[in-house]
Amino acid sequence: MTLEEEIESLKQQRNAVILAHNYTRPEIQDIADFVGDSLELSRKAAECRAPVIVFCGVRFMAETAKILSPESTVLHPNPYSGCPMADMADPDAVAEYREKHPDTLIVAYVNTTAATKTAVDLCCTSGNAEKLIASLPPERKILFLPDANLGANLNAKLNRHMELWPGCCPTHNRIMPEHVLAAKEKHPDALVLVHPECLPAVVRLADRALSTGGMLKFVRESACREFIIGTECGILHRMQKENPDKAFYPLEPAVVCPNMKKITLEDVLFCLRDMTPEIELPEDVRRAAKAPIDRMLKALP
Ligand code: SF4
């Protein structure tokens, strides 16, 4: 039996579903029941009501699945697959800020740990951040965390003055304006799509700044045949698979998130066999972390 066949057989035995993020290894995406961005995957986790969810993505995403699906056993195949940006917003530091600035609304990108979510007012994703921030009263003081690039791009687009937590995604931060200029010169007919976690100077040079879900929709619907993609390279696998007649070029081949790539087929096989490592959250933490996610879903159903 191949590894894939063994995983499939264990998956049936456990009555499990496998969810994988767009940035995971191609072979992980190929065995998944559903591939998507963090919000799509969490929604899927909440909807599918499977007794066992194998979450192939970084830890905060698996935590979000557990927050939204407390009845399911959520397995995270590699406990070392974390997100450095999520870890840049330490929950104690956020709680301390909150104490000092009781009038400031704290908006957290969903890329935060469950512990940090307990200390914030509202969550957002890269796909809905613009709508969500635009819906907040202009006079309201806001702290945006943990991604200063996403926050600065939102400030520029919406003419807001949110205070920005000094965090960033080390993977997207690696993309420089000169990479965009060089890629445009090499592929003059291609549209440049970048993720809003990129530096504002990069976003200004791009044709569009979109979440991964937004990029996939855009390339599917666009009449253009060539695209330069400025986000984690794992998404190119799905883009090419879904659009075999279009061409996709990575903006910079070194844009690889080492944490997303940590999850291997062996990890998935072993976690289904041994039913570990499991995501466990104390119920009070789970409930408190769910509140800002619920507010987001209520504001933008
Ligand atoms: S790509 Fe960036 S934000 Fe996403 S998991 Fe990796 S480090 Fe975190």
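Residues numbered from 1 in each chain as written. Predicted model: local features only at pLDDT ≥ 70, side-chain atom pairs only at ≥ 80, totals over all residues. Heavy atoms only, no water.

Peer 1: Explain the overall build of the protein to me, please; I cannot follow it from the model alone.
Peer 2: Tallying secondary structure elements over the protein gives 15 helices and twelve strands in all. A globule of 301 residues ought to have a C-alpha radius of gyration of about 19 Å, and the protein, at 19 Å, matches this closely. In terms of its C-alpha atoms, the protein occupies a principal-axis envelope of roughly 55 × 50 × 30 Å. In the protein, which comprises 301 residues, the share counted as buried stands at 54%. Put simply, 62% of the contacts in the protein that link residues at least 6 apart link residues at least 24 apart. Accessible area of the protein: about 13300 Å², with a carbon and sulfur share of 52%. Once the 35 positive and 42 negative side-chain charges of the protein are each reduced to a mean point, those two points are 5 Å apart. (Helix = DSSP H or I, 4+ residues; strand = E, 2+ residues; numbered from the N terminus. Rg over C-alpha atoms; globule rule 2.2 N^0.38 Å. Buried < 20%, exposed > 50% of the residue type's maximum accessible area, 1.4 Å probe, protein only. Contact = heavy atoms within 4.5 Å. Areas by Shrake-Rupley, 256 points an atom, 1.4 Å probe, with all protein chains shown as cover. Lys, Arg positive; Asp, Glu negative; His and termini not counted. Charge placed at Lys NZ, Arg CZ, Asp CG, Glu CD.)

Peer 1: I would appreciate a short explanation of unusual backbone geometry in the present structure.
Peer 2: Across the chain, the bulk of peptide bonds are trans and the bulk of non-glycine residues have phi less than zero. In the segment running from Leu-145 into Pro-146, the intervening peptide bond is cis, with an omega of -5°. Tracing the backbone through its elements, the reader meets Pro-146 in the loop between β7 (142-145) and α9 (148-158). A cis amide bond links Thr-276 to the next residue, Pro-277, at an omega of 0°. Although it is not a glycine, Asn-159 adopts a positive phi angle of roughly 55°. With respect to the helices and strands, the residue Asn-159 is situated in the loop between α9 and β8 (163-164). Here Asn-159 falls in the exposed class, since its relative accessible area comes to 61%.

Peer 1: Looking at this model, I keep getting lost on the nonpolar core. Mind explaining?
Peer 2: The nonpolar side chains of a soluble globular protein tend to be buried with one another. Residues Phe-55, Val-107 and Phe-144 are the most contacted members of the largest nonpolar core, which totals 46 residues. By residue number, the principal contributor to this core is helix α4 (residues 59-68), which donates six residues. The residues touching Val-107, leaving out its near neighbours within four places in the chain, are Leu-122, Cys-124, Ile-133, Leu-136, Ile-142, Leu-143, Phe-144 and Leu-145. Counting residues in each nonpolar core, the second largest holds 27 residues, with Val-192, Met-215, Cys-233 and Met-239 among its members. (Core = buried A, V, L, I, M, F, W, Y, C linked by side-chain atoms within 4.5 Å.)

Peer 1: Would you take a moment to explain the packing of aromatic side chains for this structure?
Peer 2: The geometry of two aromatic rings is summed up by the distance between their centres and the angle between their planes. Considering all chains together, one arrives at two aromatic pairs under this definition. Centre to centre, the rings of Phe-218 and Phe-227 are 6.5 Å apart; their planes meet at 85°, and the pair counts as edge-to-face. The exposure class assigned to Phe-218 is buried, which follows from its relative accessible area of 19%. On the basis of relative accessibility, which here comes to 0%, the residue Phe-227 falls in the buried class. With a centroid separation of 5.6 Å and 15° between ring planes, the pair formed by Phe-227 and Phe-248 is classed as stacked. (Phe/Tyr/Trp six-rings, centres within 6.5 Å; stacked < 30°, edge-to-face > 60°.)

Peer 1: Before we go on, may I ask you to explain the site of the ligand in this structure?
Peer 2: Inspection of the region around the ligand gives Tyr-23, Val-58, Cys-83, Pro-84, Met-85, Asn-111, Cys-169, Glu-197, Cys-257 and Met-260 as its neighbouring residues. Here the shell around the ligand is built from residues that sort into eight nonpolar, one polar and one charged. (Near = heavy atom within 4 Å. Nonpolar A, V, L, I, M, F, W, Y, C, P; charged D, E, K, R; others polar.)

Peer 1: For this particular structure, what's the right way to read the domain arrangement of the protein?
Peer 2: Accessible area lost when the parts come together is the quantity often used to give the size of an interface. Considered domain by domain, the protein is made up of domain 1 (3-82 + 260-281), domain 2 (85-168) and domain 3 (172-250). On a C-alpha basis, the centroid separation for the pair domain 1 and domain 2 is 27 Å. Of the residues lining the interface, seven residues belong to domain 1; the matching set on domain 2 comes to nine residues. At the boundary of domain 1 with domain 2, total buried surface from both sides reaches about 570 Å², with 70% on carbon and sulfur atoms. When the buried area of domain 1 at its contact with domain 2 is split by residue, Leu-39, Phe-60 and Glu-63 rank highest and sum to 63% of it. (Domains from an automatic or database assignment. Buried area = accessible area lost by both parts, 1.4 Å probe.)

Peer 1: I keep staring at the pairing of strand β1 (residues 16-21) and nothing clicks. Help me out?
Peer 2: On a regular strand, each side chain points to the face opposite its neighbour's, so the side chains alternate between the two faces of the sheet. Of all six residues making up β1, six are buried, and the element is well covered by its neighbours. Along β1, one buried face is formed by Ala-16, Ile-18 and Ala-20 and the opposite face, lined by Val-17, Leu-19 and His-21, is buried too. Judged from the five bridges that link them, β1 and strand β3 (residues 52-56) form a sheet pairing that is parallel. The residue bridging Leu-19 from the neighbouring strand is Phe-55, located in β3. (Pairing = 2+ DSSP bridges.)

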